[in-house]
Amino acid sequence: IVVLFQKNISIDEIADRLDLSDKEIVNNLILAIDNEIDVDMSSHVSESKYEEILDLVEENPNVSAAKARDELGPILEYNLFKVALAKAKNELEYN
């Protein structure tokens, strides 16, 4: 799943290819991030959008995806946003 994601394949397309739900793909990507597997977001999320998410997580490390999305607005598709948020939280936790 991580390899497909890093090849700029969307979460929806990965789900279709693997006959899984979008939620299963998101959960697997978040699990990979939580297990310190580097999930490169650069093909899906611009640096400026990722920085917005990082800044929010620095201010509120325990922010939920729904609350973060409310604060930042629809800067990304929600499933992609959840993965980016998990990566930002992980990055800040280990730096």
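Parameters at a glance
- Residues numbered from 1 in each chain as written.
- Predicted model: local features only at pLDDT ≥ 70, side-chain atom pairs only at ≥ 80, totals over all residues.
- Heavy atoms only, no water.
- Core = buried A, V, L, I, M, F, W, Y, C linked by side-chain atoms within 4.5 Å.
- Buried < 20%, exposed > 50% of the residue type's maximum accessible area, 1.4 Å probe, protein only.
- Helix = DSSP H or I, 4+ residues; strand = E, 2+ residues; numbered from the N terminus.
- Expected span 1.5 Å × (residues − 1).
- Arc of directions from axis to C-beta.
- Contact = heavy atoms within 4.5 Å.
- Axes fitted to C-alpha atoms, helices over the stretch in contact; angles between N-to-C directions.
- Parallel < 35°, antiparallel > 145°, perpendicular 65-115°, else oblique.
- Nonpolar A, V, L, I, M, F, W, Y, C, P; charged D, E, K, R; others polar.

K.L.:
Please set out the nonpolar core residue by residue, giving values where relevant.
P.N.:
Soluble globular proteins tend to pack their nonpolar side chains together in the buried interior. Ranked by internal contacts, the top residues of the largest apolar core, which has 31 residues, are Phe-5, Leu-29, Val-39, Met-41, Ile-53 and Leu-76. Within the residue set of this core, elements represented by two or more residues are helix 1 (2-6), helix 2 (11-18), helix 3 (22-34), helix 4 (47-59), helix 5 (65-72) and helix 6 (78-93). Here this core takes seven residues from helix 6, the largest share from any one element.

K.L.:
I'd love a proper account of helix 3, names of residues and values included.
P.N.:
With 13 residues, helix 3 extends 18 Å between its outermost C-alpha atoms, agreeing within 8% with the 18 Å of an ideal straight helix rising 1.5 Å per residue. Considered for burial, the residues of helix 3 that qualify are Ile-25, Val-26, Leu-29, Ala-32 and Ile-33. Considered in projection along helix 3, the buried side chains sweep an arc of 125 degrees and stay on one side of the axis. Looking at the buried side of helix 3, the elements it contacts are helix 1, helix 2 and helix 6.

K.L.:
Give me the packing of helix 2 against helix 3: which residues, what numbers.
P.N.:
Their axes nearest at 8 Å, the elements helix 2 and helix 3 cross at an angle of 110 degrees. Judged on the interaxial angle alone, helix 3 and helix 2 are roughly perpendicular. For the pair helix 2 and helix 3, the contacting residues are Ile-11, Asp-12, Ile-14, Ala-15 and Leu-18 in the first and Asp-22, Ile-25, Val-26 and Leu-29 in the second. Across the contact of helix 2 with helix 3, the residue classes break down as seven nonpolar, no polar and two charged.

K.L.:
Explain helix 2 residue by residue, including any values.
P.N.:
What helix 2 keeps buried is the set Ile-11, Ile-14 and Ala-15. Projected down its long axis, helix 2 carries its buried residues within an arc of 100 degrees, all on one side. Elements in contact with the buried residues of helix 2: helix 1, helix 3 and helix 6. Within two residues after helix 2, Asp-19 carries a phi angle of roughly 55 degrees, on the positive side.

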